[in-house]
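Observations on the model geometry
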Amino acid sequence: MMCDFLFSLVCTGEIFELKAELNSDKKEKKKEAVKKVIASMTVGKDVSALFPDVVNCMQTDNLELKKLVYLYLMNYAKSQPDMAIMAVNTFVKDCEDPNPLIRALAVRTMGCIRVDKITEYLCEPLRKCLKDEDPYVRKTAAVCVAKLHDINAQLVEDQGFLDTLKDLISDSNPMVVANAVAALSEIAESHPNSNLLDLNPQTINKLLTALNECTEWGQIFILDCLANYTPRDDRESQSICERVTPRLSHANSAVVLSAVKVLMKFMEMLPKDLDYYGTLLKKLAPPLVTLLSAEPELQYVALRNINLIVQRRPEILKHEMKVFFVKYNDPIYVKLEKLDIMIRLASQANIAQVLAELKEYATEVDVDFVRKAVRAIGRCAIKVEQSAERCVSTLLDLIQTKVNYVVQEAIVVIKDIFRKYPNKYESVIATLCENLDSLDEPEARAAMIWIVGEYAERIDNADELLESFLEGFHDESTQVQLQLLTAIVKLFLKKPTETQELVQQVLSLATQDSDNPDLRDRGYIYWRLLSTDPVAAKEVVLAEKPLISEETDLIEPTLLEELICHIGTLASVYHKPPSAFVEGSRGVQHKRLPGSAGSGESVESPDTGSAAGVSEAPPAVIPSQGDLLGDLLNLDLTPPTTTGPPPPASSGMQMGAMDLLGGGLDSLMGTGFGAPPAAMPASFNVPVSGGLDDLFDLGGGVGMPMGVFNPPKTVWLPAMKAKGLEISGTFVRRAGVIQMEMTLTNKAMSVMTDFAIQFNRNSFGLAPAGPLQVLTPLSPNQSIEAALPLSTVGPVMKMEPLNNLQVAVKNNIDVFYFSCQYPISMLFAEDGKMERQVFLATWKDIPNDNESQFQIKDCHLNSDAASNKLQGSNIFTIAKRTVEGQDMLYQSMKLTNGIWVLAELRVQAGNPNYTVSTCATVSALDGLCLAYKFCMTNPEP
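Calculation notes
Residues numbered from 1 in each chain as written. Predicted model: local features only at pLDDT ≥ 70, side-chain atom pairs only at ≥ 80, totals over all residues. Heavy atoms only, no water. UniProt positions renumbered as here; feature names shortened; annotations may be inferred. Helix = DSSP H or I, 4+ residues; strand = E, 2+ residues; numbered from the N terminus. Buried < 20%, exposed > 50% of the residue type's maximum accessible area, 1.4 Å probe, protein only. Contact = heavy atoms within 4.5 Å. Areas by Shrake-Rupley, 256 points an atom, 1.4 Å probe, with all protein chains shown as cover. Salt bridge = Lys/Arg side-chain N within 4 Å of Asp/Glu carboxyl O. Pairing = 2+ DSSP bridges. Axes fitted to C-alpha atoms, helices over the stretch in contact; angles between N-to-C directions. Phe/Tyr/Trp six-rings, centres within 6.5 Å; stacked < 30°, edge-to-face > 60°. Lys NZ or Arg CZ within 6 Å of the ring centre and 35° of its normal. Arc of directions from axis to C-beta. Core = buried A, V, L, I, M, F, W, Y, C linked by side-chain atoms within 4.5 Å. pLDDT = per-residue confidence, 0-100. Parallel < 35°, antiparallel > 145°, perpendicular 65-115°, else oblique. Left-handed = near helix turned anticlockwise from the far one by under 90°. Nonpolar A, V, L, I, M, F, W, Y, C, P; charged D, E, K, R; others polar. Patch = residues over 30% accessible without salt bridge, like charges linked within 9 Å, V, L, I, M, F, W, Y side chains within 5 Å. Lys, Arg positive; Asp, Glu negative; His and termini not counted. Charge placed at Lys NZ, Arg CZ, Asp CG, Glu CD.

The chain is annotated in an unreviewed UniProt entry as AP complex subunit beta of Sander lucioperca. The Sequence similarities (unreviewed entry) comment attached to the chain in UniProt states, word for word, "Belongs to the adaptor complexes large subunit family."

In structure tokens, the structure reads:
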């Protein structure tokens with residue numbers, strides 16, 4: 001305590017001294033004082049108390065001092081917005097200074113101060129600077145427009161700055177052109193349909209002219225802009241390529257990759273029989289090779305981009321194999337990437353050279369690299385058929401080394417070679433079996449078991465080998481257990497008289513002694529097949545398998561096209577489209593390559609295409625009657641005529657297992673269905689360190705809850721879609737239990753009986769906690785009420801939207817499917833009130849990415865009434881404070897799956913619009929906005 005006190009005294013004294021120096025009449029002393037302030041700010045000290053004194057130093061002709069003051073201003077303006085306005089007059093004055101450096105400095109600083117109150121004062125100086133006579137000022141002002149657009153897009157559009165920015169593309173100075181392009185590109189990313197960059201041949205010509213004269217980063221902006229243009233024909237495409245090609249020899253690797261991106265795109269429009277096409281292919285190789293002589297980090301980025309290029313156009317680097325040979329001092333990430341490219345470039349012409357290298361790599365000391373090298377030999381065998389025999393011979397040589405991990409990788413690889421070339425290399429099986437005892441990795445054991453099961457008729461002691469694996473069945477991984485089950489069934493179908501006891505043993509282990517649903521289900525399938533129709537079992541289990549190909553590890557063509565359009569960006573390093581890793585990016589565009597010359601493809605705009613798997617239409621949730629169900633469990637209506645082995649006594653058996661054993665949905669009506677909800681985990685103990693304690697002022701206003709609103713029932717399943725059965729319902733939460741309250745109405749002419757219900761996997765594991773209780777037959781024109789208690793311990797799968805629930809209902813007539821949506825607020829638990837100190841610590845620890853903000857409109861409650869109403873829905877107010885007439889409620893809630901959500905609710909007297917900021921202990925949850933609106937705006941019960 002004493003140390004903190006003394007430190008605060010020292011700091012106070014230091015600030016007092018700096019204050020005096022800042023107000024000194026001597027310019028040098030004043031400049032030295034500002035330098036000290038900046039130095040303190042840089043190391044993390046809080047010098048915001050000096051804000052007015054530093055701002056007073058702006059009135060100077062000294063450029064160095066002015067830069068320092070502006071730097072301070074940019075750092076503290078956000079925390080002192082009211083005082084930052086004091087500097088506006090100086091900004092406006094500096095924007096008219098005779099010195100262009102000062103004019104540019106002023107407009108740059110104004111753009112960096114992200115304070116709404118200042119933006120309106122920025123417009124007039126910015127307009128003047130955009131038309132300044134000095135190009136340095138104009139190029140700075142161009143970037144400032146993009147910054148201002150990020151703060152207030154509407155203001156930029158209203159002031160006409162976008163049109164001025166477009167005019168700057170025709171500027172005489174290439175750096176102004178480059179900055180204008182950069183600003184427009186950034187704005188266009190957040191507004192993809194705005195067509196800000198209206199590229200036409202005239203504009204493209206101006207950009208290509210500026211390309212030769214601007215700086216390296218200006219060239220990158222222009223090249224990236226060119227990559228978004230689609231030429232009218234192959235002649236224009238060739239013309240652009242000819243003018244971009246000189247950029248390939250640039251010293252900056254980013255310029256080279258941007259140029260490669262433009263050329264890769266425009267090559268699509270060139271006819272392959274054109275002489276220039278061949279020339280361009282030859283010109284692309286040297287710059288890519290040169291990139292591999294840089295530092296390891298740059299090499300890796302280059303290799304990831306080359307990987308994409310080789311998949312699209314392997315002919316570019318087909319003669320450059322030696323460049324990708326691994327060096328002894330390469331980092332592992334570079335080695336692995338080079339290895340992958342070597343496989344992609346492997347052909348009959350160079351396979352001998354490649355195999356010799358790979359065999360050398362397999363003797364390295366780096367275990368991960370050796371494994372990849374052995375796998376690479378297998379990939380060569382699969383890719384180049386003529387080399388398969390040589391590859392198998394190389395693998396056998398490696399097995400003879402008896403190095404454990406080499407042997408295991410070789411066996412995994414040989415399994416794939418057997419799949420590719422059946423009945424060709426089985427002579428090596430004896431050698432593989434000799435190494436059976438040394439296998440300890442799941443993938444290698446599974447591969448060996450597959451080989452024994454697949455070629456059981458050729459192995460005399462196949463039953464003994466598989467039986468040796470069976471001894472430790474429960475200790476094996478799931479992968480090995482599944483493979484062992486299939487292999488023994490194959491062995492039984494090939495040698496039924498000798499292995500009947502073995503197959504019964506493995507089926508018993510898989511179905512009765514296993515808790516793994518995948519293993520259990522596969523066991524039941526095999527058991528049912530073998531007991532009902534052995535001939536059909538043979539056709540299924542021993543069916544001819546499709547040949548594998550090397551193409552399986554290639555990137556999907558439409559995704560590859562998109563990634564080629566993003567060469568030189570993070571997307572090309574991750575090998576993922578930007579939409580996969582850029583969060584909250586409403587402006588991410590899905591790009592594609594233009595159609596090839598003569599292909600007849602549309603080449604309207606790169607924005608019209610989309611990556612594979614990206615669909616604008618919402619996903620179909622429930623298929624129509626008669627369709628195959630995707631993920632929803634199939635529900636049998638009639639028991640099979642032939643009975644299989646008795647099911648194991650397991651109350652937690654999955655629905656799929658019941659169906660296979662003939663129970664169908666009828667078994668849902670018995671006991672043992674589901675389980676009571678598991679106890680929620682205790683609130684987490686977070687160590688608290690002070691700092692935010694004074695944020696909350698626990699005043700009054702947190703009264704008794706008003707009670708929870710239960711939404712009215714809506715029709716979930718219309719009678720016309722369910723052969724006369726109409727289901728309407730709602731979700732309620734009573735005494736900590738979620739219930740699905742339904743009204744079942746019979747609008748058909750026949751009696752309905754034998755009701756049962758099943759849910760698909762969903763976001764929060766909702767599942768029936770018991771059978772659907774409809775105890776009496778449902779007569780025509782009769783309705784009956786049913787309340788189904790729900791648990792939250794069912795299987796989980798993220799749905800879209802998050803609160804979507806897919807339901808199947810069965811009766812004596814048919815099975816019917818529908819989907820409904822439950823309010824997220826039903827999942828808020830009663831123990832969701834967090835301790836105040838825990839709340840403080842948790843709020844600080846949650847990352848910014850997990851935060852979301854929204855508004856609740858037309859809500860006429862004061863803060864106390866809102867708090868009471870929300871508490872009825874298990875949204876608990878932890879603290880309340882009032883700042884400048886605005887009540888701020890700090891709230892916590894806990895979902896049934898243990899996820900905590902913290903919120904800040906802002907209520908302004910007389911304003912019916914509330915602002916809510918929420919943050920979750922996992923990534924931000926969608927649906928919280930609707931939950932708050934549901935709880936706040938619905939009437940009281």
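To continue, consider the overall build of the chain. Across its full length, the chain carries 36 helices and 13 strands. In the chain, buried positions account for 50% of the 941 residues. When contacts within the chain are restricted to residue pairs at least 6 apart in sequence, long-range pairs at least 24 apart make up 67% of them. For the chain, the accessible area works out to roughly 44,500 Å², and carbon and sulfur atoms hold 51% of it.

Time to look at the pattern of salt bridges. For the coordinates displayed, the defined rule picks out 32 salt bridges. Its salt-bridge partner being Arg138, residue Asp171 comes within 2.9 Å of it at the nearest N-O pair. Of the two residues, Asp171 sits in the loop between α11 (161–167) and α12 (174–190) while Arg138 sits in helix α9 (residues 135–151), which places them 33 residues apart along the sequence. The class of Asp171 is buried, set by a relative accessible area of 17%. In this structure, Lys747 engages Glu726 in a salt bridge whose closest nitrogen and oxygen atoms are separated by 3.0 Å.

Turning our attention to the sheet that holds strand β6 (residues 783–791). Taken in spatial order, the 5 strands line up as β1-β2-β3-β6-β5 in an open sheet, and their pairing is antiparallel. Strand pairing shows two members of the sheet lacking a second neighbour, β1 (714–717) and β5 (767–768), which therefore form its edges.

Of note, the amide linkage connecting Glu800 to Pro801 takes the cis form, showing an omega dihedral of 0°. Within the fold, Pro801 resides in the loop between β6 and β7 (804–810). Within the chain, Lys402 stands out as a residue other than glycine whose phi angle is a positive 65°. Looking at the element boundaries, Lys402 is found in the loop between α22 (388–399) and α23 (404–420). Positive phi is not limited to glycine here, since Ala735 has a value of about 55°.

Taking strand neighbours across the sheet as the criterion, the 3 strands line up as β4-β7-β8 in an open arrangement whose pairing is antiparallel. Only two strands of the sheet have a single neighbouring strand rather than two, namely β4 (756–759) and β8 (815–821). Each adjacent strand pair in this sheet contributes to an overall mean axis angle of 25°, direction not counted. Bridging between β7 and β8 involves 7 bridges; their strand directions are antiparallel.

The next point concerns the side chain of Arg313. In this structure, Arg313 sits in the loop between α18 (296–312) and α19 (332–345). Ignoring anything within four residues of it in the chain, the contact list for Arg313 reads Met264, Met267, Glu268, Lys272, Tyr277 and Leu281.

Another point: the packing of aromatic side chains. For any pair of aromatic rings, the description consists of the separation of the ring centres together with the inter-plane angle of the planes. Evaluation of the coordinates by the stated rule reveals 10 aromatic pairs. Centre to centre, the rings of Tyr361 and Phe369 are 5.2 Å apart; their planes meet at 45°, and the pair counts as tilted. Take Tyr361 and Phe369: they sit in the same class, and that class is buried. Summarising the aromatic geometry, the rings of Trp716 and Phe818 are spaced 6.0 Å apart at their centres and angled 20° between planes, so their arrangement reads as stacked. On the criterion of sequence distance, the pair formed by Trp716 in strand β1 and Phe818 in strand β8 is long-range, its members being 102 residues apart. Take Trp716 and Phe818: they sit in the same class, and that class is buried. An aromatic cluster is present here, built from Trp716, Phe731, Phe818 and Tyr822 joined pairwise through their rings. Here Lys335 stacks its cationic end above the ring of Phe369, 5.2 Å away from the centre of that ring.

The buried fraction of β7 amounts to 7 of the 7 residues, a majority that puts the element mostly inside the structure. Residue alternation in β7 divides its side chains into two sets, Asn804, Gln806, Ala808 and Lys810 and Leu805, Val807 and Val809, and both sets are buried. Taken together, the 4 bridges between β4 and β7 define a ladder with antiparallel strand orientation. Bridge assignment links Ala756 to a residue of β7, and that residue is Lys810. Connecting the antiparallel pair β7 and β8 is a turn made up of 4 residues.

Here the focus is the pairing of β6. As defined by bridge partners, strand β3 (residues 737–746) adjoins β6 across 8 bridges and the pair is classed as antiparallel. If you follow Met742 over to β6, its bridge partner there is Ala786. Pairing of β5 with β6 involves 2 bridges; the strand directions are antiparallel. Paired with Ala767 across the bridge in β6 is Ser791.

Below, the discussion takes up helix α26 (residues 462–470). Because each turn of an α-helix spans 3.6 residues, side chains separated by three or four positions end up pointing in the same direction. The set of residues buried in α26 consists of Ala462, Leu465, Leu466, Phe469 and Leu470. Down the axis of α26, the buried set is contained in an arc of 145°. They therefore lie on one face.

This brings us to the nonpolar core. Residues Tyr72, Leu358 and Phe418 are the most contacted members of the largest nonpolar core, which totals 210 residues. Looking at this core element by element, the count peaks at 10 residues for helix α27 (residues 478–494). Those residues in contact with Phe418 that sit more than four places away from it in its chain are Tyr425, Glu426, Val428, Ile429, Leu432, Trp450, Ile451 and Tyr455. Formed by 57 residues, the second largest nonpolar core is a distinct cluster that contains Met740, Phe854, Leu889 and Met893.

It is worth spelling out the environment of Pro577 at this point. By the secondary structure assignment, Pro577 is in the loop between α32 (570–574) and α33 (655–660). Along the sequence, Pro577 and His566 sit 11 residues apart, while their C-alpha atoms lie 8.3 Å from each other. Leaving out residues up to four positions away in the same chain, Pro577 has contacts with Leu559, Glu562 and Leu563.

For the rest of this paragraph, the subject is the environment of Met269. One can find Met269 in the loop between α16 (253–266) and α17 (275–291). A relative accessible area of 6% places Met269 in the buried class. Residues Met269 and Arg235, 34 residues apart in the sequence, show an inter-C-alpha distance of 9.0 Å.

Our next topic: the confidence of the model for the chain. The predicted model of the chain has a mean per-residue pLDDT of 78, with 83% of residues at 70 or higher. Within the model, pLDDT remains below 50 along residues 1–10, and this stretch shows 0 contacts once partners closer than five positions in the same chain are excluded. Ignoring residues within four places in sequence, the model shows residues 598–706, a span with pLDDT below 50, making 194 contacts including any to other chains.

Let us look at the packing of helix α21 (residues 367–383) against α22. The angle between the axes and the distance between the axes are what describe a pair of packed helices. Where α21 contacts α22, the axes come no closer than 8 Å and their chain directions differ by 160°. Considered as vectors, α21 and α22 are oriented roughly antiparallel to each other. In this structure, α21 crosses over α22, and the sense of that crossing is left-handed. Along its contact with α21, which presents Val374, Ile377, Cys380 and Ala381, the element α22 presents Ala388, Cys391, Thr394, Leu395 and Leu398. Here the residues of the contact of α21 with α22 are counted per class, giving 8 nonpolar, 1 polar and no charged.

Glancing now at the packing of helix α7 (residues 100–112) against helix α8 (residues 116–130). Where α7 contacts α8, the two axes come as close as 10 Å, and the packing angle between them is 140°. Judged on the interaxial angle alone, α8 and α7 are oblique. For the crossing formed where α7 meets α8, the hand is left-handed. Residues Arg103, Val107, Met110 and Gly111 of α7 form the contact with α8, whose participating residues are Tyr121, Leu122, Pro125, Leu126 and Cys129.

So, about a negative patch on the surface. A cluster of acidic residues, Glu464, Glu467, Glu471 and Glu501, forms a negative patch at the surface. On the basis of relative accessibility, which here comes to 67%, the residue Glu501 falls in the exposed class.

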